[in-house]
Amino acid sequence: MSTYTADEMMSVAAARALSGGQRCFVGIGLPSTAANLARRTHAPDLVLIYESGALGSKPDWLPASIGDGILAETADAVIGVPEVFNYWLQPGRIDVGFLGAAQLDKFGNINTTVIGDDYANPKVRLPGAGGAPEIAANCHEVYVVVRQSKRSFVDQVDFVTSYGHGRGNGERERLGLRGAGPTLVITDLGVFRPDPDTHELVLTAVHPGVTVEQVREATGWELRVADELATTPTPTSDELAALRALKEASSS
Amino acid sequence: MAEIASLSAAVADLVRDGDVVALEGFTHLIPVAAGHEIIRQRRRELTLVRMTPDIVYDQLIGAGCARKLIFSWGGNPGVGSLHRFRDAVQHGWPVPLEIEEHSHAGMANRYVAGASGLPFAVLRGYVGTDLPNVTDTIKPITCPFTGETLTAVPAINPDVAIVHAQRADRAGNVQMWGLVGVQKEAVLAARRSLVTVEEVVDELEPVPGGMVLPSWAVDRVAEVPGGAHPSYAQGYSERDNAYYAAWDTISRDRDEFERWVERVRSGEVVRAS
């Protein structure tokens, strides 16, 4: 058995969540790594959609940005940005929105705007929304991949950039949002899914070697653990080889 | 009809202090050289509009050219933060920066409305987020046909739009291909427009997926080979990912950044590597 890092476990777990034929709107960074790994392993038919206007990209390495040339050159179709959002995302043609987060709260709301309570005088100014608010609203469901710590995994986000389940209990439906919102959160420690009734994120699996106590320590709210807690299967040598080959190709 | 001009003459003619200026290009075809020319000509009090204010707006903001930024994502793509943008928002350096913050879908639709001669655009967006609480250009609107509540955003009609393209012919017809972002919408929404191109050619050969902006829809064309660097022009150059990483170091420190600005103002060709 080869050794692997927590980040590699996270990317592999996130990749496994995607299946062939799904249409996936991909954020740059961790989501793009996972989606490309899925396409290179068990889901070759996965359709990757990048907000820069590349539909069905098949890059041989991980793009550094959302609009690298390789995304356009390997796409089924290249379109303008208004078309991406209006014709493809807004009507509900995309199955999975795959997002990262600077801050994520216990109801799956995402903050990528500011850290601190005062928007006008933020402690830290983050990049902002990008495509995420409408990806989170209009994809059939949303997967979030994020490195977990008490700073990133908070009771309530400082700013709701992208709406998850609000404060829970069906708020999302009441607002008329058509997608199901975050249904899966993958971190470097484990996997979370929303409780079907309250929509609070519940720990449903830990990665190999991770204890519930470690997850609790890295969670900024009182962690709930599923009755039947699973352990994520260890990355296979094929998965690790494919992930490392993608990263190797990107840095060369 | 578009007039073919030098970059410095085009910027001097079209960009004025206090203007609303949009430099567009979604990762690809970013008119970076034109941004440097605006810094060189010391424009002030600009309202800068751009979906993805990346390195080029970090430079303009740090150089003190802007009083306001209208945007949807401000980062160094694939690298991290924009340090000059953050310094301006968090500390008001070198001058305070007002921000008007949207999502990509909202900004794209604002350009579409501007290009379409409409006062606003409608979308399914922003619902449940805190953005409408901090941005007063996001409002609910009721569909007159179904009664459904949707979101309205006002048109953007910049005083000047600047984009980069692969090439133009001598009559000033502009041709671009690859990821074309909101370049067409920005040019058509703007009162005045400048397109920098990799080359001016005798005849525009058709390219699969290519788009042409007719000469009569553009005010100035300037030939600026490599004018998108460190962004790229498909068919001409590759994205210089190392420059984006190097910018993180230059922009992190005010003194180092100011030395960089002096190099731009003195007309030195600026490369981070």
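Residues numbered from 1 in each chain as written. Chains lettered and ligands numbered in written order. Predicted model: local features only at pLDDT ≥ 70, side-chain atom pairs only at ≥ 80, totals over all residues. Heavy atoms only, no water.

A. Just the overall build of chain A, in detail. When helices and strands are counted, chain A shows eight helices and 15 strands. Computed over C-alpha atoms, the radius of gyration of chain A comes to 17 Å, within 12% of the 18 Å expected from 2.2 N^0.38 for 252 residues, which places it in the range of a compact globule. If you line up chain A on its principal axes, its C-alpha atoms span 45 × 45 × 35 Å. Scored against the burial criterion, the 252 residues of chain A give a buried share of 61%. A fraction of 65% describes how many contacts in chain A between residues 6 or more apart in sequence connect residues 24 or more apart. For chain A, the accessible surface area stands at approximately 9,700 Å², while carbon and sulfur atoms represent 50% of it. Where the 21 positive side-chain charges of chain A centre and where its 31 negative ones centre are 1 Å apart. (Helix = DSSP H or I, 4+ residues; strand = E, 2+ residues; numbered from the N terminus. Rg over C-alpha atoms; globule rule 2.2 N^0.38 Å. Buried < 20%, exposed > 50% of the residue type's maximum accessible area, 1.4 Å probe, protein only. Contact = heavy atoms within 4.5 Å. Areas by Shrake-Rupley, 256 points an atom, 1.4 Å probe, with all protein chains shown as cover. Lys, Arg positive; Asp, Glu negative; His and termini not counted. Charge placed at Lys NZ, Arg CZ, Asp CG, Glu CD.)

B. Spotlight on the side chain of His164 of chain B. Residue and element names in this part refer to chain B. Note on placement: His164 falls in strand 9 (residues 160–169). In this structure the side chain of His164 is engaged in a polar contact, spanning 2.6 Å, whose partner is the side chain of Thr196. Polar side-chain contacts of His164 include one of 2.8 Å to the side chain of Glu198. In this structure His164 touches Leu29, Ile30, Pro31, Gln183, Val195, Thr196, Val197, Glu198, Val224, Gly227 and Ala228, once residues within four positions along its chain are discounted. (Polar contact = N/O pair within 3.5 Å; in protein donor to acceptor, adjacent residues only side chain to side chain.)

C. Main features of helix 2 (residues 32–40) of chain B. Residues and elements named next belong to chain B. Counting buried positions over the nine residues of helix 2 gives eight, a clear majority of the element. Buried residues of helix 2: Val32, Ala33, Ala34, Gly35, His36, Glu37, Ile38 and Ile39, and no others. Once helix 2 ends, the next one or two residues include Arg42, with phi positive near 55 degrees.

D. Geometry of the pattern of salt bridges. Inspection of the entire model under this criterion finds 29 salt bridges over all chains. Among the ionic pairs, Glu8 of chain A bridges to Arg244 of chain A, the shortest N-O distance being 2.9 Å. Placement of Glu8 of chain A in helix 1 (residues 6–16) and of Arg244 of chain A in helix 8 (residues 237–251) is noted, with a sequence separation of 236 residues between them. One salt-bridge network, held together by shared partners, links Arg67, Lys68, Glu98, Glu100 and Arg110 of chain B. (Salt bridge = Lys/Arg side-chain N within 4 Å of Asp/Glu carboxyl O.)

E. Fine view of the pairing of strand 5 (residues 98–101) of chain B. All names here are of chain B. As paired strands, strand 4 (residues 66–71) and strand 5 are joined by four bridges and run parallel to one another. Each bridged residue has a counterpart across the sheet, and for Ile70 the counterpart in strand 5 is Glu100. You can see the chain leave strand 4, run along helix 4 (residues 83–91) and come back into strand 5, and the turn it takes is right-handed. (Pairing = 2+ DSSP bridges. Right-handed = clockwise from strand over helix to strand, strands pointing away.)

F. Broad picture of the pairing of strand 7 (residues 139–142) of chain B. Residues and elements named next belong to chain B. Sheet topology places strand 7 next to strand 8 (residues 149–154); four bridges connect them, and they run antiparallel. Looking at the pairing, Thr142 lines up with Thr149 of strand 8. The turn joining strand 7 and strand 8, which pair antiparallel and follow one another in sequence, is formed by six residues; a positive phi near 80 degrees is taken by Gly147.

G. Representation of the sheet that holds strand 6 (residues 103–105) of chain A in the model. Residues and elements named next belong to chain A. What the three strands build is an open sheet, ordered 7-6-11; its pairing is mixed. Edge strands, defined here as strands with exactly one partner in the open sheet, are strand 7 (110–111) and strand 11 (153–154). Pairing analysis gives two bridges linking strand 6 to strand 11, with the strands arranged parallel. In the sheet register, Asp105 faces strand 11, and the bridge partner there is Val154.

Any functional reading would require information beyond the geometric quantities listed.
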